[in-house]
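Descriptive structure summary
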Amino acid sequence: MREPSPPADPIIGIDLGTTNSLVAYCFEAGPRVLALTDGTRLLPSAVRYERGVAVAVGADARGRAVEYPLDTVLSSKRLMGRSFAESAAVLGESQCRVVAGIRGLAAFEAGGTTVLPQEAAAEVLRALKRAAQESLGTEVGRAVITVPAYFDLGQREATRDAARLAGIEAVRIVNEPTAAALAYGIGGRRSAQTIAVYDFGGGTFDISILKVIPGDASGAGDLFEVVATAGDTRLGGDDIDSALASELLRTAETAARTAGRSLIPSPRSMQAIRDFAESTKIALSTAESVNIEIDLDGVTLAQTVTRAELERLAAPLVARTIAACGRAIRDSQGIAIDRVVMVGGSTRMPLVCAAVREKFGVEPYTALDPDCVVALGAAVQGAVLEGRRRDVLLLDVIPLSLGIETIGGGVAKLIHRNSSIPTSAREMFSTSVDNQTSVKVHVLQGEREMVADCRSLARFELRGLPAMPAGIPQIEVDFLVDANGVLCVDAIERRSGCRAGVQVVPTYGLTSDEIERMDRAGVEHARVDMHRHRVADLCVHSSLDAKWIREALSRVAADLDGPYREELDTALAEVQRFVGAAQASADAVDADAFQRSKERMDRLSMRLHELAITKSLKSIATAKGTSTP
Ligand code: AMP
């Protein structure tokens, strides 16, 4: 059955994952994951920045990561909205170097350029947008994008920045487990339930507890109310891969030492061993043991890895997820949980299912495809925002408390964690010096009491205050966290009624100037990519044409007049010069001149090909004539 065409300006749902990303749309018949241009549905969140070549995204980039370990950005989501200083604590899958980008933000160095995680994510989002446009047959500019529930406001802003760079308006940022609950709950359940969504992916872990209250006859939609959420944005299947890779490497080093050698693995070997560790881990979800054999720079590692060995390595990581579940259960005042919905690729591990079963005392619900469920939920929320579905109401929460710095380096909490969003708080400020016309405020997020233990979100300055003695101004500041979990600040001086100018400098997000600059660079990037693509095509086609011309020449050279032959040779040599120049640097080649040169050669060669064909036909006829009695 054909799907009815989507409305103009549809809102798609995007699961921007650490390992894989997906795009879905909610049709009248229900949400469906959209096929990518190659017919698959999971887009590996991998981007290759190879010097002088167009950026590669998805399966190509992931499949050739061992070949290009230093040019391939993997798991960029783990560094979204983080500083370089924090990056050391964030295990990544990429072999490429992490460096300090603008304002100390963590960035990758790949293919000779510095790439912010937002920019790598924007490449993934662009590929998903293209796939959605092809699949839906219409322009797409709006999306609901999911993030781990435990992403702080800085990480959410970074995700929105990535969308902006990809030409997508992130109309709503939804927590991944909440999206999963939406997909779970749309099956027409008629009784109220409390569900826990246990979401263990490649890079992050989240647990959310939600009340799902079915709509009633009065037309009220189903209510999805998040009661508590907890998690860890630095914990995922990648860490299990790292633990197994380190163990395998240690074994290989011991084997090398025994053989009187030393093993200093190259980036290629490091990437290969990580890939090996991941495929071994996946195989051990169904098999009890796996035989592996891998060559590491001339040292062969051959051994059997058992599920029990993998579980010994994974157990401390899984225990951390269970500790977070304990926090969420406490925050929800120990509410009885009817069902635990399993989301994310890592929940396929038997150890994970066993730990969840033991913690919650219920059989984990694994009927939903853990890869697709988040994107499907995002698409449902997209349909709600499009106004096509009114049967669902989503009440999400802020995962971490929001506060401001006080004198002495303490943090005063304004909005407590797990408050429903949108939410707001009001705080009064004053001045400490006579005639002070500006006040600086530092906003932080986290549960700890001191600034040093919380994450800095933004610093802003209230400007243009009327000059008054110290302590007299009454500056009322409103902090609003909108439904996307994005912070807005508004300030007014009560005595004068003067509205203060608020200039927010995000600690981890990008300023609008930076976005604009990257946007321009992105357009420039696209132009350069298109140019390189065109020159590469010209090289392939003109080399083929030249090959055919040379073949024809070898057959009819004697039948050609001198001037024509000379003209043809000149045209061939000119095209050959363009091909040579393009091989040295595609950027230095004038593609229009190359095209004209190829067209001239092709036009000239028509006479040659006609001659060659006529000669071939004649020789066939002659051959037939002699062989027929
Ligand atoms: P996600 O972020 O939900 O796409 O999950 C990706 C993570 O799931 C990666 O770390 C994968 O290695 C892991 N994963 C996928 N399939 C399996 C499996 N069958 N067993 C264990 N881990 C898996």
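The shown structure was predicted, so the numbers you read here are calculated from the model rather than taken from an experiment. (Residues numbered from 1 in each chain as written. Predicted model: local features only at pLDDT ≥ 70, side-chain atom pairs only at ≥ 80, totals over all residues. Heavy atoms only, no water.)

1. Thoughts on the overall build of the protein chain
Put simply, the rule reads: Only DSSP runs of H or I covering at least 4 residues are called helices, and only runs of E covering at least 2 are called strands; the numbering of each starts at the N terminus. For each residue, the accessible area found with a 1.4 Å probe, counting protein chains only, is set against the maximum for its type, and the residue is called buried under 20%, exposed over 50%, and partly exposed in between. Whether two residues touch is decided by their heavy atoms; if any such pair falls within 4.5 Å, the residues are in contact. Throughout, the Shrake-Rupley method with a 1.4 Å probe supplies accessible areas, and for residues the shown protein chains are the sole cover considered. A residue counts as positive if it is Lys or Arg and as negative if it is Asp or Glu; His and the chain ends are not included. A charged residue contributes its charge at one atom only: NZ of Lys, CZ of Arg, CG of Asp or CD of Glu.
Secondary structure assignment for the protein chain yields 13 helices and 29 strands. With the C-alpha coordinates aligned to their principal axes, the bounding extent of the protein chain is approximately 110 × 65 × 65 Å. Per-residue burial for the protein chain yields a buried fraction of 51% across its 629 residues. Of the contacts formed within the protein chain by residues at least 6 apart in sequence, a portion of 68% connects residues at least 24 apart. For the protein chain, the computed accessible surface area is about 27,700 Å², with 53% contributed by carbon and sulfur atoms. Between the centroid of the 71 positive side chains of the protein chain and the centroid of its 82 negative side chains there is a distance of 1 Å.

2. Points about the site of the ligand
Cut-off, in case you're wondering: We call a residue near a molecule or strand as soon as one heavy atom of that residue lies within 4 Å of the molecule or strand. Residues adjacent in sequence count toward polar contacts only when both atoms are side-chain atoms; beyond that, a polar contact is any pair of N or O atoms within 3.5 Å, and within protein one must be able to donate a hydrogen and the other to accept it. Any residue outside Ala, Val, Leu, Ile, Met, Phe, Trp, Tyr, Cys, Pro, Asp, Glu, Lys and Arg is labelled polar, Gly included; the first ten of those are nonpolar and the last four are charged.
Residues in close proximity to the ligand total 15 residues, the closest being G202, E278, K281, S285 and G345. One of the side-chain N or O atoms of K281 is found 2.7 Å from an oxygen atom in the ligand. When the ligand sits alone it has 500 Å² of accessible area, and the protein chains cover 86% of it. Within the residue set of the shell around the ligand, elements represented by two or more residues are α6 (237-258) and α7 (267-283). Of the residues assigned to the shell around the ligand, the class counts are two nonpolar, nine polar and four charged.

3. Details of helix α3 (residues 117-136)
Under the convention used in this document: A helix's residues, less one, multiplied by 1.5 Å, set its expected span.
With 20 residues, α3 ought to run about 28 Å at 1.5 Å a step, and its terminal C-alpha atoms sit 28 Å apart, in line with that. Burial of α3 is extensive: 15 of the 20 residues sit out of reach of the surface.

4. Examining the pattern of salt bridges
Selection rule: Put simply, a salt bridge is a Lys or Arg side-chain nitrogen that is within 4 Å of an Asp or Glu carboxyl oxygen.
Applying the stated criterion to the full structure yields 39 salt bridges. The partner of D602 in a salt bridge is K598, with the nearest N and O atoms 2.9 Å apart. You can see D602 and its partner K598 sitting in helix α13 (residues 591-627), four residues apart, about one turn around the helix. For D602, a relative accessible area of 22% corresponds to the partly exposed category.

5. Here we look at the pairing of strand β8 (residues 97-100)
We count it as follows: For two strands to be treated as a pair, DSSP must find no fewer than two bridges joining them.
Pairing of β8 with strand β9 (residues 106-110), which is carried by four bridges, proceeds in the antiparallel orientation. The residue bridging V98 from the neighbouring strand is F108, located in β9. The antiparallel pairing of β8 with β9 creates a hairpin that spans five residues between the two strands, and R103 there sits at a positive phi of about 45°.

6. Details of the state of the cysteines
For the record, the criterion: Note that a disulfide, as used here, is simply two cysteine sulfur atoms within 2.5 Å.
Applying the stated rule across the entire model yields zero disulfides. In this structure C353 is not part of a disulfide, and its nearest cysteine sulfur, from C325, lies 12 Å away.

7. Quick look at the nonpolar core
Selection rule: Among the buried residues, those of types Ala, Val, Leu, Ile, Met, Phe, Trp, Tyr and Cys that are joined through side-chain atoms within 4.5 Å form a nonpolar core.
One finds Y198, F205, I207, V340, V352, V356 and F360 to be the most contacted residues of the largest nonpolar core, which totals 49 residues. By residue number, the principal contributor to this core is helix α8 (residues 307-331), which donates nine residues. Aside from chain neighbours lying at most four places away, what touches V340 is A196, Y198, V356, F360, V362, P364 and Y365. Formed by 43 residues, the second largest nonpolar core is a distinct cluster that contains F27, A106, A122 and F151.

8. Thoughts on the pairing of strand β13 (residues 193-200)
Looking down a regular strand, the side chains alternate between one sheet face and the other. Most of β13 is tucked away: eight of the eight residues are buried. Neither face of β13 is open: one carries Q193, I195, V197 and D199, the other T194, A196, Y198 and F200, and all of them are buried. As paired elements, β13 and strand β14 (residues 205-213) share eight bridges and run antiparallel to each other. Across the sheet, residue A196 finds its bridge partner in β14, namely I209. In the sheet, β13 pairs with strand β18 (residues 339-343) via five bridges, with the strands oriented parallel. Across the sheet, residue V197 finds its bridge partner in β18, namely V341.

9. Some thoughts on the sheet that holds strand β23 (residues 423-429)
In sheet architecture, strand pairing relies on hydrogen bonds along the backbone and comes in two forms, parallel and antiparallel. As summarised here, the arrangement of the four strands in space is β23-β26-β27-β28, forming an open sheet in which the pairing is antiparallel. Across the chains shown, the open sheet's two edge strands, defined by having one partner strand only, are β23 and β28 (498-499). One ladder, built from seven bridges, connects β23 with strand β26 (residues 475-481); its direction is antiparallel. Its bridge partner being in β26, F429 is matched across the sheet by I475.

10. Examining the packing of aromatic side chains
Counted only if it meets this: Geometry of aromatic contacts follows a simple scheme: Phe, Tyr and Trp rings, the Trp one being its six-membered ring, pair when their centres are within 6.5 Å, and the pair is stacked under 30 degrees between planes, edge-to-face over 60, tilted otherwise. Whether a charge sits over a ring depends on NZ of Lys or CZ of Arg being within 6 Å of the ring centre and within 35 degrees of the ring normal.
Across all of its chains, the model carries six aromatic pairs by this definition. Consider the rings of Y184 and Y365, whose centres lie 5.3 Å apart with planes at 80°: the pair is edge-to-face. With Y184 in helix α5 (residues 176-185) and Y365 in the loop between α9 (350-360) and α10 (373-386), the pair connects residues that are 181 residues apart, well separated along the chain. With a relative accessible area of 2%, Y184 lands in the buried category. Judged by centre distance (5.1 Å) and plane angle (10°), the rings of F578 and F594 are stacked. Taken as a pair, F578 in helix α12 (residues 562-584) and F594 in helix α13 lie far apart in primary sequence, 16 residues in all. No difference in accessibility class separates F578 from F594, as the two residues are buried. Ring pairing ties together the aromatic residues Y198, F200 and F205, which thus form one cluster. Directly above the ring of Y68 sits R48, whose terminal nitrogen or CZ lies 4.8 Å from the centroid. One Lys or Arg, R607, reaches over the ring of Y564 and ends 4.2 Å from the middle of that ring.

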